[in-house]
Amino acid sequence: MNTEKDYRNHPEAWEDFFGKVDSDISEETKEDAYTRLESRIHGKKHRRLPLFLAGGVAASLALVAAGGFGYALINKEKHVETAWNEIHVPVGQMKTLTLEDGTTLQINACSRVTYPDKFTAGERKIFVDGEVYAEVTSNPARPFVIESDNISVRVFGTKFDFKSYPDSRKVELVLIEGKVRLEVRGDDDSAHSVDMSPGMIASYDRESGQVELKDVDLLTCKPFNERNGHHFYNIPLRDIASELERTFGCRIIVTDSKAADARYFAVFSNGEGPEEILKAIGNGSYGSPVRLNVRSKGDIIYVSSK
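Residues numbered from 1 in each chain as written. Predicted model: local features only at pLDDT ≥ 70, side-chain atom pairs only at ≥ 80, totals over all residues. Heavy atoms only, no water.

## Considering the overall build of the chain
Counting secondary structure elements, the chain contains six helices and 19 strands. Taken over 306 residues, the chain has a buried fraction of 47%. Put simply, the chain shows about 14700 Å² of open surface, and 46% of that area lies on carbon and sulfur atoms. (Helix = DSSP H or I, 4+ residues; strand = E, 2+ residues; numbered from the N terminus. Buried < 20%, exposed > 50% of the residue type's maximum accessible area, 1.4 Å probe, protein only. Areas by Shrake-Rupley, 256 points an atom, 1.4 Å probe, with all protein chains shown as cover.)

## Concerning the packing of helix 4 (residues 237-248) against helix 6 (residues 274-281)
For any two helices packed against each other, the geometry is given by the interaxial angle and the distance between the axes. At a minimum axis distance of 10 Å, the contact between helix 4 and helix 6 shows a crossing angle of 160 degrees. Judged by the inter-axis angle, helix 4 sits roughly antiparallel to helix 6. In terms of crossing hand, the pair formed by helix 4 and helix 6 is right-handed. Within the contact between the two elements, helix 4 uses L237, I240, L244 and F248 and helix 6 uses P274, I277, L278 and I281. The residue inventory of the contact of helix 4 with helix 6, partitioned by class, reads eight nonpolar, no polar and no charged. (Axes fitted to C-alpha atoms, helices over the stretch in contact; angles between N-to-C directions. Parallel < 35°, antiparallel > 145°, perpendicular 65-115°, else oblique. Left-handed = near helix turned anticlockwise from the far one by under 90°. Contact = heavy atoms within 4.5 Å. Nonpolar A, V, L, I, M, F, W, Y, C, P; charged D, E, K, R; others polar.)

## Examining the pairing of strand 3 (residues 95-98)
In terms of strand pairing, strand 3 meets strand 4 (residues 104-107) through four bridges, oriented antiparallel. In the sheet register, T96 faces strand 4, and the bridge partner there is Q106. Counted along the chain from strand 3 to the antiparallel partner strand 4, the turn is five residues long, and its residue G102 has a positive phi close to 95 degrees. (Pairing = 2+ DSSP bridges.)

## Some words on the pattern of salt bridges
All told, the structure shown has 18 salt bridges when counted by the stated rule. A salt bridge links K125 to E147, with the nearest nitrogen and oxygen atoms 3.8 Å apart. With a gap of 22 residues between them, K125 in strand 6 (residues 124-135) and E147 in strand 7 (residues 144-148) connect regions that are remote in the sequence. Classification of K125 as partly exposed rests on a relative accessible area of 24%. Accessibility expressed as a relative area gives 13% for E147, which makes it buried. Across the pair D167 and R246 runs a salt bridge, and its minimum N-O distance is 3.5 Å. Taken together, the positions of D167 in the loop between strand 9 (159-164) and strand 10 (170-177) and R246 in helix 4 put the pair 79 residues apart, joining distant regions of the chain. (Salt bridge = Lys/Arg side-chain N within 4 Å of Asp/Glu carboxyl O.)

## Considering the confidence of the model for the chain
Per-residue confidence for the chain averages 79 on the pLDDT scale, and 73% of its residues sit at or above 70. Counting contacts from residues 44-77, a segment whose pLDDT is below 50, to residues more than four positions away or on other chains yields 90 contacts. (pLDDT = per-residue confidence, 0-100.)

## Some details on unusual backbone geometry
Located in the positive-phi region is C110, a residue other than glycine, with phi close to 60 degrees. Along the chain, C110 falls in the loop between strand 4 and strand 5 (112-116). Take C110: its relative accessible area is 9%, and that puts it in the buried class.

## Examining the sheet that holds strand 16 (residues 251-254)
Here three strands make up an open sheet; going across it, the order is 16-19-18 and the pairing mixed. Sheet topology places strand 16 and strand 18 (292-297) at the edges, where each strand pairs with a single neighbour. Looking at each pair of strands side by side, their axes are set apart by 20 degrees on average, direction ignored. Here four bridges tie strand 16 to strand 19 (residues 300-305), and the two strands are oriented parallel to one another. Paired with V254 across the two strands is V303, which belongs to strand 19. On the sheet, helix 4 packs against strand 16, strand 18 and strand 19 and is oriented at approximately 170 degrees with respect to strand 16. The sheet contacts of helix 6 involve strand 16, strand 18 and strand 19, and relative to strand 18 the element is tilted by about 160 degrees.

## Topic: the environment of D217
Tracing the backbone shows D217 in the loop between strand 14 (211-215) and strand 15 (230-236). Taking the relative accessible area as the measure of exposure, D217 reaches 41% and is therefore partly exposed. Distance from D217 to G199, taken between C-alpha atoms, is 6.6 Å for residues 18 residues apart in sequence.

## Overview of the packing of aromatic side chains
A complete count under the given rule lists three aromatic pairs for this structure. Here W84 and F127 contribute two aromatic rings whose centre-to-centre distance is 5.9 Å and whose plane-to-plane angle is 50 degrees, an arrangement assigned as tilted. Of the two residues, W84 is situated in strand 2 (residues 80-88) and F127 in strand 6; the sequence distance between them amounts to 43 residues. The class for W84 is buried, based on a relative accessible area of 12%. (Phe/Tyr/Trp six-rings, centres within 6.5 Å; stacked < 30°, edge-to-face > 60°.)

Take a look at the structure:
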């Protein structure tokens, strides 16, 4: 395969590369798919596509792994053809994925993972938008790397929970076992990294660029696939609302910025529902002076500051 060919300008090559696509798909959509694919594999800047694509575009271009689709690229270093796949997890669901090296991923709701059918380069790399719990097969000669926008997680045989949703201000990494290195890249290509030990949580604030490390109790701060609840460590209410929407498939509207920006520390592990959680953190006992009014109308939960 000639990797220098511009598939955007050669319809017959496009079909060789992506497979048969719907005739009514716009050129802009094709351009977006091509650009995202190129950037995912080669690290170029790109314009993000929506997390979930609609209708025929999703069937033709999203390349969902669960449906058995994949797209082929040439690994320039070794000239080995590698099939890359994407798996999407809908609202309120969770899926398990086992990679070629034996690494297992529990993938949370509204998450997307891009992964190869086999690892051929010096490192084992996947791309994540959302939340995964990973049990990584140890191989010191071939590091395992998770990429998510300007975040890299370099893994040294371990168990951890990584959460990086595109619509959330906070990125979180909770280390359960082993060792990981969290690296944040700045706009000027500078990089800041922190090494973590078990029982630590790293929080990266996308707006401020700050990384905060804290010790946590692993008996209460469990990965999402093991806990019957939620933990929030200095998380703004807007992100809490997004997490509850993903988990419960509900709609939450925060009506004012004072409430949306308020931060909370809270752990819920008894199967509480979204309205119950919001009322509990809004009573003033979970790390913020901002009290909340919580009310439901139909299928929508409205939250405002008192």
